[in-house]
Structures are given as structure tokens and as C-alpha cells.
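Descriptive analysis of the structure
Letter by letter, the chains look like this.
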Amino acid sequence: MRDLIQYAIPGFVVLLVAEVLVTAHQQKDYYDAKDTASSLAMGIGNVIVGLVGKVIVFGAYSFVYQFRLFTIDMSQWWAWVMLFFADDFSYYWFHRISHSSRYFWASHVVHHSSQKYNLGTALRQTWTGALTGAWVFWLWMPLLGFSPVAVMTMQAISLLYQFWIHTELIDKLPAPIEFVFNTPSHHRVHHGSDLDYLDKNHAGILIIWDRLFGTFAPEKQRPTYGLTKNIDSYNPVRIAFHEWTDILRDLRRAGSFRNALGYLFGPPGWSHDGSRKTTKQLRGE
């Protein structure tokens, strides 16, 4: 099975070049050559690692599918509608927990490490996500009865949708669209490091999950993109592994098993001595 993302790569390149040209014509600061090169390197690395990662994911889904509760007929239109909502719901919780548990954040932080927001940023993807178990959030779907191929296809469709929302060239869309769907405006908020924007708008395709579960924030001013503490590096290897390296450092000085669990699975910014702050602590202050 060839990933839909691979077929879309030429389209990604054409749209990225078009955005660069429009940005240059408008004399905007949306792009930086070194930053974009880093994003492209991360995207290429993600595709290469994905050759192994997708084998792991497909194997896990196929194993669970043997014990499925039902067999859902994917030749029926309603099955794909159900799959769409199931996948988008799963993506929301995967994304939300990737911001609240450092173990998953260590892979996801890669996508937030750019201080620019453009179509190149959409390609800045993790090298470790599939290898460290991000797919566990979708395991319930083959267990329910969706075929592994169908689940992975819908995951690819979701990622394809999320490419175009990484832009500052598109302002807010008509209100009904903004109310239901994830849009450039909503996702710009998600990439902001401003305190009001931290850990908001985790949607994949539908913003309704954020509205339902209290994680929605509207775009009020242009976000400050990047991390609360930026790594200031264009080195793809550092971008890919800096948080894992920091976790290992913290585990060495944890001092107790309980502290070690906090550093590994607690929220980003957690520290046993209060030397760093989580988003909740920052808001509390």
C-alpha cells in the first residue's frame, strides 16, 4: 500500500513555491531560507522513517483487527462517514495529549519548533512519532471493526487536509466554515507561543471537538510562533531529537522514581524543583 501522502508531494512543492512567490511579491516576513530548508529536511526524514513506521503501524492495526468486535463493510458509504468522525475524534485526543504528556510531546514538538508559519512548516514532521507509539490512539478503530488499510487511508486524508491550513496568506473564512472546520486562523492560534494560545485548537479537520471539550481559542492577534523556549537551531538532527535528549538529562537527575515518571509522562515544563513551569502553572501566575 503506497501512502497517499507520497502522491501528494508534487502538489505540496507546487503550492509551497507559489506561496513563496506571493510572499516575496507582498514583501512579507513569512519565510526564512534556513528555516524552510530545515522544515524540508524534517519532511524528507519523516518520509524515509515512515517506510519503517508504517510497517509497525500496519502490523499493530492488523494484530488488533484479528480480535475485532464487528466487521465493518468499507464498501458502504456510511462506513466511511463513521470512519471520518472516528479518525478525527482520535486525532483530537492524540494531539491534545501530545501537548499534555511530555513523552508524546517529545515527538510532536518538532512540528512547533519553527518560528515561522507557512506551508513549509506543515512539512516539519517528527521522525520518532510512529516509532514511539503515537498510533495507540487509533487502535480502538481496528478493534471496533474498521480495516487497517481504511484506518491508515483516513489518517492520510486528515494529514492532507491539514497541509493547507499552515498559511498566513488566508485570513478568516466565512463564519459557518470557521465554526465547524479547522482553518488557517484556528491553526495559527495552535502554533502560537503566546500564553492565551498555548495548548489550544487541537483539531484535525473539525474544530467542533475543541469547542466541545473546552480547548478552543479564537485568533485575536497575530501569534508569536515557535516554542516558549526556542531551540534556535536549523540542524535537523537537533530539531528531531532535542526534547528526547532533554528528557534523558532530566531522568538522570530525577532523584526518585516518582520524579522520573513526572519528567517522562508529566506535562511539558514540569519539574520536581519548580525550576520550570507548565502551561497551567504559567496561567496560574
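Note that this is a predicted model, so its numbers are computed, not measured. (Residues numbered from 1 in each chain as written. Predicted model: local features only at pLDDT ≥ 70, side-chain atom pairs only at ≥ 80, totals over all residues. Heavy atoms only, no water.)

Regarding the UniProt feature "transmembrane region" (unreviewed entry) in the protein
In this numbering, the UniProt entry assigns the feature "transmembrane region" (unreviewed entry) to residues 7–24, 44–65, 77–94 and 137–164. Helix makes up 100% of residues 7–24 and strand makes up 0%, while its end C-alpha atoms are separated by 28 Å. Secondary structure within residues 137–164 divides into 75% helix and 0% strand; the distance between the first and last C-alpha atoms comes to 24 Å. (UniProt positions renumbered as here; feature names shortened; annotations may be inferred. Helix = DSSP H or I, 4+ residues; strand = E, 2+ residues; numbered from the N terminus.)

Some thoughts on the pattern of salt bridges
When their charged atoms lie close together, side chains carrying opposite charge are able to pair. Across all of its chains, the model carries 12 salt bridges by this definition. Here Asp250 ties to Arg249 by a salt bridge, and the two come within 3.2 Å at their closest N and O atoms. Given a relative accessible area of 0%, Asp250 falls into the buried group. The partner of Arg253 in a salt bridge is Asp273, and the shortest N-O contact between them spans 3.9 Å. With a gap of 20 residues between them, Arg253 in the loop between α11 (236–252) and α12 (257–265) and Asp273 in the loop between α12 and α13 (279–284) connect regions that are remote in the sequence. (Salt bridge = Lys/Arg side-chain N within 4 Å of Asp/Glu carboxyl O. Buried < 20%, exposed > 50% of the residue type's maximum accessible area, 1.4 Å probe, protein only.)

Concerning the environment of Ser193
Here Ser193 shows up in the loop between α9 (184–190) and α10 (208–213). Residues Ser193 and Pro223, 30 residues apart in the sequence, show an inter-C-alpha distance of 7.1 Å. Other than its neighbours up to four places away in sequence, Ser193 contacts Leu198, Thr224, Tyr225, Gly226, Leu227 and Thr228. (Contact = heavy atoms within 4.5 Å.)

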